[in-house]
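Observations on the three-dimensional arrangement
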Amino acid sequence: MRISARADYAVRAALQLAAAQEAGPVKAEAIAEAQGISHKFLEGILNDLRRGGLVHSQRGGNGGYWLAKPAGAISVADVIRVVDGPLVSVRGVRPPELAYSGAAESLLPLWIALRANVRRILEGVSLADVASATLPAEVSALAEDPGAWTNP
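Each chain carries its own residue numbering, running from 1 in the direction its sequence is written. Per-residue local features of the predicted model are confined to residues with pLDDT of at least 70, and side-chain atom pairs are confined, for both listing and counting, to 80 or more; whole-chain, interface and lining totals are unaffected and use all residues. The side-chain quantities take in all heavy atoms of the structure and omit both hydrogens and water.

Our focus in this paragraph is the packing of helix α2 (residues 28-35) against helix α3 (residues 39-51). Angles shown run from 0 to 180 degrees and are taken between the N-to-C directions of axes, each axis being a line fitted to C-alpha atoms and, for helices, limited to the stretch in contact. Strands are runs of DSSP state E lasting at least two residues, helices are runs of H or I lasting at least four, and both sets are numbered from the N terminus onward. Interaxial distance between α2 and α3 falls to 9 Å at its minimum, and their mutual angle equals 115°. Here α2 runs over α3; the crossing is right-handed. Here α2 contributes A28, E29, I31 and A32 to the contact with α3, which in turn contributes H39, L42, E43 and L46. When the residues that make up the contact of α2 with α3 are grouped by side-chain class, the tally is 5 nonpolar, 1 polar and 2 charged. Take the far helix as the reference: if the near one is turned anticlockwise from it by less than a right angle, the crossing is left-handed, and if turned clockwise, right-handed. Contacts are residue-level and defined by heavy atoms, with any inter-residue pair within 4.5 Å sufficient. Lys, Arg, Asp and Glu make up the charged group, whereas Ala, Val, Leu, Ile, Met, Phe, Trp, Tyr, Cys and Pro make up the nonpolar group; the residues left over, Gly among them, are polar.

Pairing between side chains of opposite charge can happen when their charged atoms approach one another. Salt bridges are identified by distance alone: a Lys or Arg side-chain nitrogen within 4 Å of an Asp or Glu carboxyl oxygen. Taken as a whole and judged by the stated rule, the model has 5 salt bridges. For R6, the salt bridge goes to D48, with nearest N and O atoms at 2.3 Å. Taken together, the positions of R6 in helix α1 (residues 5-19) and D48 in helix α3 put the pair 42 residues apart, joining distant regions of the chain. Only protein chains enter the accessibility calculation, which uses a 1.4 Å probe; a residue whose area is less than 20% of its type maximum is buried, one above 50% is exposed, and one in between is partly exposed. Owing to a relative accessible area of 22%, R6 belongs among the partly exposed residues under this scheme. Between R120 and E138 there is a salt bridge, with its nearest N and O atoms 2.9 Å apart. Taken together, the residues R120 in helix α5 (residues 107-123) and E138 in helix α7 (residues 137-144) connect sequence positions 18 residues apart. Taking relative accessible area as the criterion, R120 reaches 47% and is therefore assigned partly exposed. Residues joined in a network through salt bridges with shared partners are R6, D48 and R51.

The next subject is the environment of G53. Relative to the assigned elements, G53 resides in the loop between α3 and β1 (55-58). When its relative accessible area of 37% is taken as the criterion, G53 is described as partly exposed. A C-alpha to C-alpha distance of 29 Å links G53 and A137, two positions 84 residues apart in sequence. When sequence neighbours within four positions are dropped, the list of residues in contact with G53 reads A68 and K69.

Take a look at the structure:
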């Protein structure tokens, strides 16, 4: 699985909004500066998040962006899906729509299992979890495995 720059930036922007949830609207410029994201690129991402129902926006001097729901009700998966589509695809196709034959026949259950694990992690972690640095125990345990930090 690959996390695109667009998805990474979207999650980071959403986390900035989660951290400022009580402070009111946050200007796109402030998010861009805080996260080191191109302002122009970020505007497109914020528009996707707005169209996807995850953020609200208001124009004007007191305007900006804010989360449409509490940070605890928005998963990392929600953000990624809004900007990038399905979490796992093979050649741009969702795994259940694939078919293999012969020696590759058992590849489909492998892709389905991969998708299930990715979903379990990304749907199980909310913006509030990440913003407060309190990841679920299962996620923390996976990240604490020294092998998780190496690239074979």
